[in-house]
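The residues making up each chain are set out below.
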Amino acid sequence: MRRATFLVGIVLLALLPLDSQQNPSSFVILNAQLADGTGLALRNANVRVSDGRIAQIGDLRPGRDERSIDAHGLVLAPGFIDIHNHSEAGLLSDPLAETQIAQGITTLIVGADGDSPWPIPPWVRSVQQLHPAVNFGVFVGHATVREQVMHKDFKRAATPAEIAQMQQLVDQAANQQILGLSSGLEYEVGSYSNTDELVALAKVAALHDGIYMTHIRDEADKSFEALNEEITIAERAHIGVEHSHIKLGTVGVQGRAADYIKIIEDARKRGVDFLADCYPYDAWHSNLKVLVPDKQYENPKSVAKALADVGGASHVTLTQFKPNTSYAGHTIADLAKSAHISDVDMFIRLVQEGDAANTEAIIIGQSMVESDIKLFYQQPWVMVASDGGIDSDHPRGAGTFPRVLGVYVREKHWLTLPQAIRKMTSLPAQRLGWKDRGILREGAWADLVLFNPETVIDRSTYTSPATLPIGIEKVFVNGLLVWDNGKPTSARPGLFLGQHGKPMPLND
Ligand SMILES: [Zn+2]
């Protein structure tokens, strides 16, 4: 008798969902306003989630014993898809991905700017084994395959034989469920490639329904030439493009967003499948030396040009300088003034002191203008992406999505809330060719964000880049609650998403 009861108990346990207390297989979200991801106006509806999917949307009531969440005053949106995220290492060191889920990110895509893990399958498997809180997908990097083929001898155009080898590697990666090819043509390895090489590789990605995602060759004075090359690649390879972090980053091109947009609009009218993403900050964050592209750090002429390009020494703020910590928080212009020397001399002094102390000076370069960012954000083909990720040292890593909702929607009225949500959900899903994420629709995956539109805001700064935002109340990944009222729940239901957004199992 006792034995029989025991057996019944075991059978019942087996029938229950794994974590039945926190995650009953079915629950209802009541009284939320829905931003469904399409850009349509907010509407009131209740939503039932069952077995990881959105089961029902409408005027429905919870069943007896069915859990419900009262979301009065909150907006319910699809989970945010971050198409440009640098969490390759972060997913391994911090699979809970707190800075990401705290923003409402439910899927992040890595392998941007030409750099990806290699080989890709072992990396994917390692992340899967750690069970991340977020879904993830990956691009194959152009620089990554270029280095596989050319090794250290990459400072030249590739030969036809080398290009053929790179094509094979892209094809191999495509068969491993990567989402497309990424490039970073401003960086060391990618910068030596020519247009033909990129077309040849993009053609392979196109054969697998992949896209071409690119950090173009120049985001400064030659931004327009670089944009034209990107469009040429899209047309010759017949591939959809994702223009990474669209910006005009020097004084020479600042304020010309309308001209830039015109070129893109013309290409779109010709049928080029062109989308872009933009991070919501007017400054980049890097080391002092990146300011001087010709690497003549102590040449007064080069330094003067470099400072002028970002709008002067008052646009460059030190955030870290180990030899003299009192410099932090001051612009180069301020420091020069206190030292009674020129801006150029101050820059050179910083380089010398930094080099002598064998330490890097970290700066914020404020070189984008708000009017350009605004115009870019207002284009229906521009989406939100962070260019950040777990452990980012730029505030975009923990602040991007709440910042757009709090600053660009609520404070500045650049966008309506439904427009902004579309840029975080269905637009990136469309770019990736995914039909059942990034949208609130019956049958779609239940990646969901509940946030307070009155309070949502970023709080990360250049000196405190990991400070979490507020106003993101609950986040669900594949129907499971991962973020609740300011804290992670410790649930980690993230899946590896392959082509067409298909969840790929962990193959041992
Ligand atoms: Zn980039």
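Everything that follows concerns the structure shown earlier in this document.
Rules used throughout
Residues numbered from 1 in each chain as written. Predicted model: local features only at pLDDT ≥ 70, side-chain atom pairs only at ≥ 80, totals over all residues. Heavy atoms only, no water. Buried < 20%, exposed > 50% of the residue type's maximum accessible area, 1.4 Å probe, protein only. Helix = DSSP H or I, 4+ residues; strand = E, 2+ residues; numbered from the N terminus. Arc of directions from axis to C-beta. Salt bridge = Lys/Arg side-chain N within 4 Å of Asp/Glu carboxyl O. Contact = heavy atoms within 4.5 Å. Pairing = 2+ DSSP bridges. Axes fitted to C-alpha atoms, helices over the stretch in contact; angles between N-to-C directions. Parallel < 35°, antiparallel > 145°, perpendicular 65-115°, else oblique. Nonpolar A, V, L, I, M, F, W, Y, C, P; charged D, E, K, R; others polar. Polar contact = N/O pair within 3.5 Å; in protein donor to acceptor, adjacent residues only side chain to side chain. Donors = N, O, S within 2.8 Å, 3.2 Å for Na, K, Ca; no water. Tetrahedral: all angles 85-135°; square planar, octahedral: opposite > 155°, others 65-115°. Phe/Tyr/Trp six-rings, centres within 6.5 Å; stacked < 30°, edge-to-face > 60°. Lys NZ or Arg CZ within 6 Å of the ring centre and 35° of its normal.

S.K.: Sorry if this is basic, but what is going on with helix H4 (residues 120-130) here?
M.R.: An α-helical segment advances 3.6 residues per turn. Residues three or four places apart therefore align on the same side. Turning to H4, its buried residues are Ile120, Trp123, Val124, Val127 and Gln128. Viewed end-on, H4 has its buried residues packed into an arc of 135°, placing them on one side of the element. Count one or two residues on from H4 and you reach His131, which has phi positive near 55°.

S.K.: Before we go on, may I ask you to explain the pattern of salt bridges in this structure?
M.R.: Across all of its chains, the model carries 23 salt bridges by this definition. Its salt-bridge partner being Asp458, residue Arg403 comes within 3.5 Å of it at the nearest N-O pair. Highlighted residues: Arg403 in helix H14 (residues 396-411) and Asp458 in the loop between strand S20 (448-451) and strand S21 (472-477), separated in sequence by 55 residues. Asp458 gets classed as buried once you look at its relative accessible area, which sits at 11%. Between Arg437 and Asp447 there is a salt bridge, with its nearest N and O atoms 2.7 Å apart. Of the two residues, Arg437 sits in the loop between helix H16 (426-432) and S20 while Asp447 sits in the loop between H16 and S20, which places them ten residues apart along the sequence. Comparing Arg437 with Asp447, the two get one shared label, buried.

S.K.: Honestly, helix H5 (residues 142-150) in this entry has me stumped. Any pointers?
M.R.: In terms of residue burial, H5 counts as a mostly covered element, since seven of its nine residues are buried. Listing the buried residues of H5 in full gives His142, Ala143, Thr144, Val145, Arg146, Val149 and Met150. Contacts made by the buried residues of H5 are with strand S11 (140-141), helix H6 (160-174), strand S12 (180-184) and helix H7 (195-207). Positive phi appears at His151, one or two residues downstream of H5, with a value of about 55°.

S.K.: Sorry, what's going on with the sheet that holds strand S18 (residues 362-366) here?
M.R.: In a beta sheet, neighbouring strands pair by backbone hydrogen bonds and run either parallel or antiparallel. Ordered in space as S16-S18-S17, the three strands form an open sheet in which the pairing is antiparallel. The open sheet terminates on both sides in strands that have one partner only, identified here as strand S16 (283-287) and strand S17 (316-320). Taken over all neighbouring pairs, the strand axes of this sheet differ in orientation by 30° on average, direction set aside. Here S17 runs beside S18; their pairing, made up of four bridges, is antiparallel. Residue pairing across strands places Leu318 opposite Ile363, the latter belonging to S18.

S.K.: Teacher, can you tell me more about the packing of helix H8 (residues 223-237) against helix H9 (residues 257-269) here?
M.R.: Relative orientation and spacing of two packed helices are given, respectively, by the angle between their axes and the distance between those axes. The N-to-C vectors of H8 and H9 enclose an angle of 10°; their axes lie 11 Å apart at closest approach. On the basis of the axis angle, H8 is roughly parallel to H9. Note on element contacts: H9 touches H8 through Asp259, Tyr260, Ile263, Ile264 and Ala267, opposite Ser223, Phe224, Leu227, Asn228 and Ile231. Across the contact of H8 with H9, the residue classes tally to seven nonpolar, two polar and one charged.

S.K.: I'm lost on the environment of Ser87 in this one. Help?
M.R.: With respect to the helices and strands, Ser87 occurs in the loop between strand S8 (80-82) and helix H2 (90-93). Here the alpha-carbon distance between Ser87 and Val404, two residues 317 residues apart in the chain, equals 21 Å. Those residues in contact with Ser87, other than ones at most four positions away along the chain, are Gln100, Leu108, Val110, Gly389 and Ile390. At 2.6 Å, the side chain of Ser87 forms a polar contact with the side chain of Asn85.

S.K.: What is the right way to read the coordination of the zinc ion from this model?
M.R.: Put simply, the ideal angle at a metal is 109.5 degrees for four donors in tetrahedral geometry and 90 or 180 degrees for six donors in octahedral geometry. Within the protein, the atoms that donate to the zinc ion are Asp113 (OD), Asp113 (OD), His215 (ND1) and His245 (NE2), at distances of 2.0 to 2.7 Å. Because the angles between the four donor atoms bound to the zinc ion fall within 52 to 134°, the donor set is best described as irregular.

S.K.: Teacher, can you tell me more about the packing of aromatic side chains here?
M.R.: Each aromatic ring pair is characterised by the separation of its centres together with the angle its planes make. Scanning the model with the defined rule gives eleven aromatic pairs in all. Taken together, a centroid distance of 5.5 Å and an interplanar angle of 15° make the contact between Phe80 and Phe401 stacked. Pair noted here: Phe80 is in strand S8 and Phe401 is in helix H14, with a separation of 321 residues, a long-range link. With a centroid separation of 5.1 Å and 70° between ring planes, the pair formed by Tyr377 and Tyr408 is classed as edge-to-face. Of this pair, Tyr377 sits in helix H13 (residues 370-377) while Tyr408 sits in helix H14, and the two are 31 residues apart along the sequence. As far as the burial class goes, Tyr377 and Tyr408 line up, both buried. In this structure an aromatic cluster arises from ring pairing among Trp123, Phe136 and Phe496. For Arg67, the ring lying beneath its charged end belongs to Phe27, and the centroid distance is 5.0 Å.

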